[in-house]
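Fold and contact review
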Amino acid sequence: MKGRDLQSEPNGDSAPLFGSWPKAYCVALGIFAFEIVLFYAFTVVFS
Amino acid sequence: MNRLDYVVLIATILAIPLYGLWRTRGRKTLGYYIKGDESIRWATIGLSVLATQAGPITFLSMPGQAYESGIGFVQNYFGQPFALITVCAVFVPIFQRLKVYTAYEYLGQRFDQKTRLLGAFLFLIQRGLAAGITIYAPAIILSALLGWRLNLTIWLAGGLVVAYTAFGGTKIVSITQRYQILIIFVGMALAFIIAVHRLPAGLSFGRALTVAGGMGKLQAVDFSLDPDRRYTFWSGIFGGFFLALSYFGADQSQVQRYLAGGSLTASRFGLLFNAVVKVPMQFLILLLGAMVFLFYQFEEPPIYFNRPAYDRAIALGHGAELNELQAEFDDVFARKRDLLNSSGVNSASRQEILQLDAKARELRDRAKAVLERAGASPKSKDSDYVFITFVLQHLPHGVVGLLIAVILCATMSATAATLNALGSTSAVDFYRPLIRPNAPDHHYVVATELLTIAWGLVAIGVASYASLVENLIETGNILGSIFYGSILGLFLVAFFLRSVRGSAVFFAALLAQCLVLILFWTLSISYLWYNLIGCAAVLVFSLALQRTIFAKSSLA
């Protein structure tokens, strides 16, 4: 197995709870973006 | 430390490895020894990845970092979630599909044997030295403040890790890291609660944050584009991404953590857990440092936290000079505390408080200069002693023992992951293909155990001579930055430059590594740039070599 085949999803592999891995990545990035918003709000309120 | 502290400390650091040894008893196959078994779940993998990265420096130095410069350092981690998702999407499926034991095995399959050995060799040099620094850094601080013998501290911390890592392999590393990181969370949470509780009675937590913010310690996010600013959102996103991609994608000590368990889903969830948890964790550790800073606005701090070094300077005849500075420091502290007690940080008092704070910092710098002149300058920054001084002087007995256990747990978890990776890489990438290609499986398990012990002895040896190194904490980061770029470059060429073959990338990586070493010895740029330079050089050189000197091989 070579090239792009190796980076494709193995058969039957999906992200539990999220349906697909790209969706899971988007959720993780969404949580991270929310964290940044909280940190920024923290900075504005207390600095 | 009293007897209760020692009981808590010894029970904590011994119970976890003993439990791990019990869980991993019995005969092992090479696959079990290096990758664990199917029972390792995503939560254990996630905590194990977290514990591998969060070494003792994280818990000793980070609060001190916030004490000195505020919590803006958290931005350095902003690139990490993007890097972890890239590793999930690109690196993990390939490693899992090919069922490799080490990341460098993939280089052998994609290119050739010499490229695999080069990647593995660069990893072994870098991590072998860094493991010694990981053991030495907390040992020098703990031995200085607690009066423990340095070599005994190094051998006790190092020897225990070597013993259980060599015996249990990857599974024991994952199991022990899970409990070690939980102990670390509990210890740091207790320190946070007590630091807030020890603030003056009339100062609520919200008011305390306002005071710390007013003194410039709580700027977590800075969107400035000014290149002179040390920590900004943008430098964190771009610089942090590159460093984290090298670390999580090409460093076997991390690759081995997320390949444990053997399931792609478990590996990915373990990494995604880190993508959402790591930044808040660092934020809270830095916020703890800000609370310690605030505590020392009302309780006088030492002018120099590394007391043994300070006392050495006095013994060397610099007492009068230091006493003069101390008297001035006492006066500045009293004026600042009175101002904070009477009016807090408001528009009228803020300027004066900041001036007094700057004056206190200047006095600390002058004290440090006296120590340097006296030849009593320590091998690490004074800010590294801030948190541990707070712990030893202001936390209740029992909690002190737990916090010392936190530092040692962090040392053991980071070192165990490193030794496990060093032993596995030496056995799988060097011993098996080059020395004994067709031996029974059990032979390789024993070889990996012995190589893990050998690397443990190397790490302890490096730790024993690390006093020759000027700045310990920087040294670990510099070592990583010098070698990571070339190693990451090998993997990026493998994934994305499909026309490039083994010989081109092999010589490109050698040239890139030479270039980085020459630049390191001749330039004085920030070491973080060497990651980018090394990786970019491998990509450019490999394309150039493939299209010129090795053009024939791409047609073959």
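Here we take up the overall build of chain B. Looking only at helices and strands, one finds 21 helices and zero strands in chain B. Computed over its C-alpha atoms, the radius of gyration of chain B comes to 24 Å, within 12% of the 24 Å expected for a compact globule of 556 residues. Seen along its three principal axes, the alpha-carbon backbone of chain B occupies a region of about 80 × 50 × 45 Å. For chain B, with 556 residues in total, the buried portion stands at 60%. Restricting to contacts in chain B with at least 6 residues of sequence separation, those with at least 24 account for 85%. If you sum the accessible surface of chain B, you get close to 20,800 Å²; carbon and sulfur atoms cover 64% of it. Placing the 44 positive and 31 negative side-chain charges of chain B at their respective mean positions leaves the two points 13 Å apart.

Turning to the overall build of chain A, a few remarks are in order. Within chain A one finds one helix and zero strands. The burial tally for chain A puts 32% of its 47 residues in the buried class. On chain A, roughly 3,000 Å² of surface is accessible, and the fraction owed to carbon and sulfur atoms is 68%.

Where nonpolar side chains cluster on the molecular surface, the patch consists of A:Tyr40, A:Val44, B:Phe223, B:Leu225, B:Trp234 and B:Phe238 and spans about 650 Å² of accessible area. Secondary structure elements with two or more residues in the nonpolar patch: helix H1 (21–46) of chain A together with helix H10 (233–250) of chain B. Structurally, the position occupied by B:Phe238 is in helix H10. Classification of B:Phe238 by relative accessible area gives exposed; the value is 57%.

Let us look at the interface of chain B and chain A. Contacts between the two partners involve 36 residues from chain B, matched on the other side by 29 residues from chain A. Here chain B and chain A share an interface that buries about 3,000 Å² over both sides, 72% of which is from carbon and sulfur atoms. At the surface where chain B touches chain A, the tally comes to zero salt bridges. Applying the counting criterion to the chain B and chain A interface returns three residue pairs in polar contact (both at pLDDT 80 or more).

This model, assessed by the stated rule, comprises zero disulfides over all chains. Looking at A:Cys26, it has no disulfide partner, and the nearest cysteine sulfur is the one in B:Cys88, 13 Å off. The exposed category is assigned to A:Cys26, whose relative accessible area is 56%.

Once that is clear, we can look at the pattern of salt bridges. All names here are of chain B. Within the structure shown, the criterion is met by 15 salt bridges over all chains. Asp429 serves as the salt-bridge partner of Arg116, at 2.6 Å between the closest nitrogen and oxygen. A residue pair is termed long-range when its members are at least 10 positions apart, and Arg116 in helix H7 (residues 113–146) and Asp429 in helix H16 (residues 399–435) qualify at 313 residues. Among the residues examined, Asp429 registers a relative accessible area of 0% and is labelled buried.

One can find B:Gln177 in helix H8 (residues 150–197). Other than its neighbours up to four places away in sequence, B:Gln177 contacts B:Ser48, B:Ala51, B:Thr52, B:Arg257, B:Ser413 and B:Ala417.

Here we come to the confidence of the model for chain B. Residue and element names in this part refer to chain B. Here chain B shows a mean pLDDT of 88. Residues at 70 or above account for 97%. Put simply, helix H21 (residues 551–555) is where chain B has its lowest mean pLDDT, 66, and helix H12 (residues 264–298) is where it has its highest, 94. Confidence estimates for the predicted assembly give a pTM of 0.89 and an ipTM of 0.85.

Turning next to the packing of helix H3 (residues 42–53) of chain B against H12(B). Residue and element names in this part refer to chain B. Where H3 meets H12, the closest approach of the two axes is 8 Å, and the angle between their N-to-C directions is 50°. The pairing of H3 with H12 is recorded here as oblique in orientation. The two elements H3 and H12 meet at a crossing, and its hand is right-handed. Only Ala266, Ser267, Phe269, Gly270, Leu271, Phe273, Asn274, Val277, Lys278 and Met281 of H12 make contact with H3, whose side of the interface consists of Trp42, Ile45, Gly46, Leu47, Val49, Leu50 and Gln53. Grouping the constituent residues of the contact of H3 with H12 by class yields 11 nonpolar, five polar and one charged.

Residues and elements named next belong to chain B. Phe78, Phe91, Phe95, Tyr258 and Phe491 are the most contacted members of the largest nonpolar core, which totals 197 residues. Of all the elements, H12 adds the most residues to this core, at 22 residues. In contact with Phe491, other than residues within four places in its own chain, are Phe91, Phe95, Ala103, Tyr104, Tyr106, Leu107 and Ala250. Within the second largest apolar cluster, 10 residues are counted, among which are Val428, Tyr431, Tyr444 and Ala447.

Residue and element names in this part refer to chain B. Relative to each other, H7 and helix H17 (residues 441–465) sit at 55°, their axes nearing to 7 Å. With respect to their mutual orientation, H7 and H17 come out oblique. The element H7 and its partner H17 pack so that their crossing is right-handed. Of the residues in H17, those in contact with Leu124, Gly128, Leu129, Ala131, Gly132, Ile135 and Tyr136 of H7 are Trp455, Ala459, Ile460, Val462 and Ala463. Partitioned by chemical class, the residues of the contact of H7 with H17 number 10 nonpolar, two polar and no charged.

Here we take up the packing of aromatic side chains. Applying the stated rule across the entire model yields 46 aromatic pairs over all chains. Ring centres of B:Tyr67 and B:Phe293 lie 5.7 Å apart, and the angle between their planes is 75°; on these two criteria the pair is classed as edge-to-face. Placement of the pair is B:Tyr67 in helix H4 (residues 56–69) and B:Phe293 in helix H12, with a sequence separation of 226 residues. Here B:Tyr67 falls in the buried class, since its relative accessible area comes to 8%. Each ring, one from B:Phe95 and one from B:Phe491, has its centre 6.1 Å from the other, and the planes form 85°; the classification is edge-to-face. Of the two residues, B:Phe95 is situated in helix H5 (residues 80–98) and B:Phe491 in helix H18 (residues 472–496); the sequence distance between them amounts to 396 residues. The pair B:Phe95 / B:Phe491 is uniform in exposure class, with both members buried. Within the aromatic cluster, the residues linked to one another by ring pairs are A:Phe32, A:Phe39, A:Tyr40, A:Phe42, A:Phe46, B:Phe78, B:Phe82, B:Phe223, B:Phe233, B:Trp234 and B:Phe283.

Before going further, it helps to spend a moment on unusual backbone geometry. Of note in the backbone geometry, B:Lys99 takes a positive phi value of approximately 55° without being a glycine. Checked against the element boundaries, B:Lys99 lands in the loop between H5 and helix H6 (103–110).

For the rest of this paragraph, the subject is the environment of B:Ser542. All names here are of chain B. Topologically, Ser542 is positioned in helix H20 (residues 529–547). Taking the relative accessible area as the measure of exposure, Ser542 reaches 0% and is therefore buried. Along the backbone, Ser542 and Gly502 are 40 residues apart, and their C-alpha atoms lie at a distance of 9.3 Å.

Definitions and limits used
- Throughout, a residue's number is its position along its own chain's written sequence, starting from 1.
- Both sets of labels track the order of writing: A upward for chains, 1 upward for ligands.
- Per-residue local features are limited, in this predicted model, to residues with pLDDT of at least 70; the limit for side-chain atom pairs, both in listing and counting, is 80 or more; totals at the level of whole chains, interfaces and linings are taken over all residues.
- In computing side-chain values, all of the structure's heavy atoms are included and hydrogens and water are not.
- A run of H or I in DSSP becomes a helix once it reaches four residues, and a run of E becomes a strand once it reaches two; helices and strands are each numbered from the N terminus.
- The globule rule is 2.2 Å times the number of residues to the power 0.38, and the radius of gyration it is compared with is taken over C-alpha atoms.
- Categorising residues by exposure relies on relative accessible area from a 1.4 Å probe, with only protein chains included: less than 20% of the type maximum marks a residue as buried, more than 50% marks it as exposed, and the intermediate range marks it as partly exposed.
- Note on definitions: a residue-residue contact is assigned when non-hydrogen atoms from the two residues lie within 4.5 Å.
- Values of accessible area rely on a 1.4 Å probe in the Shrake-Rupley scheme; residue burial ignores everything except the protein chains shown.
- When charges are counted, Lys and Arg are positive and Asp and Glu negative, with His and the chain ends excluded.
- In plain terms, the charge of a residue is placed at NZ if it is Lys, CZ if Arg, CG if Asp and CD if Glu.
- Within this analysis, patches are made of residues with over 30% relative accessible area and no salt bridge. Like charges are joined at 9 Å or less; nonpolar side chains (Val, Leu, Ile, Met, Phe, Trp, Tyr) at 5 Å or less.
- A pairing counts as a salt bridge when a side-chain nitrogen of Lys or Arg comes within 4 Å of a carboxyl oxygen of Asp or Glu.
- Here the quantity called buried area is the total loss of accessible area, with a 1.4 Å probe, experienced by two parts when brought into contact, counted for both.
- Side-chain atoms alone can form a polar contact between residues adjacent in sequence; in general such a contact is a pair of N or O atoms within 3.5 Å, and within protein one must be able to donate a hydrogen while the other accepts it.
- Cysteine sulfur atoms are paired as a disulfide whenever they come within 2.5 Å of each other.
- Looking at any residue, its pLDDT shows the predictor's confidence there, from 0 to 100.
- Geometry is summarised by axes, namely lines fitted to C-alpha atoms with helices restricted to the contacting stretch, and by angles between N-to-C directions that run from 0 to 180 degrees.
- Throughout, the term roughly parallel applies to angles under 35 degrees, roughly antiparallel to angles over 145, roughly perpendicular to angles from 65 to 115, and oblique to all others.
- Here is the rule for handedness: rotate from the far helix to the near one, and if that takes an anticlockwise turn smaller than a right angle the crossing is left-handed, while a clockwise turn gives right-handed.
- Residues are sorted three ways: Asp, Glu, Lys and Arg are charged, Ala, Val, Leu, Ile, Met, Phe, Trp, Tyr, Cys and Pro are nonpolar, and all the rest, Gly among them, are polar.
- By nonpolar core we mean a set of buried residues, namely Ala, Val, Leu, Ile, Met, Phe, Trp, Tyr and Cys, connected to one another through side-chain atoms within 4.5 Å.
- Aromatic pairing here means that ring centres of Phe, Tyr or Trp (its six-membered ring) are within 6.5 Å. Orientation follows from the plane angle: under 30 degrees is stacked, over 60 is edge-to-face, and everything else is tilted.

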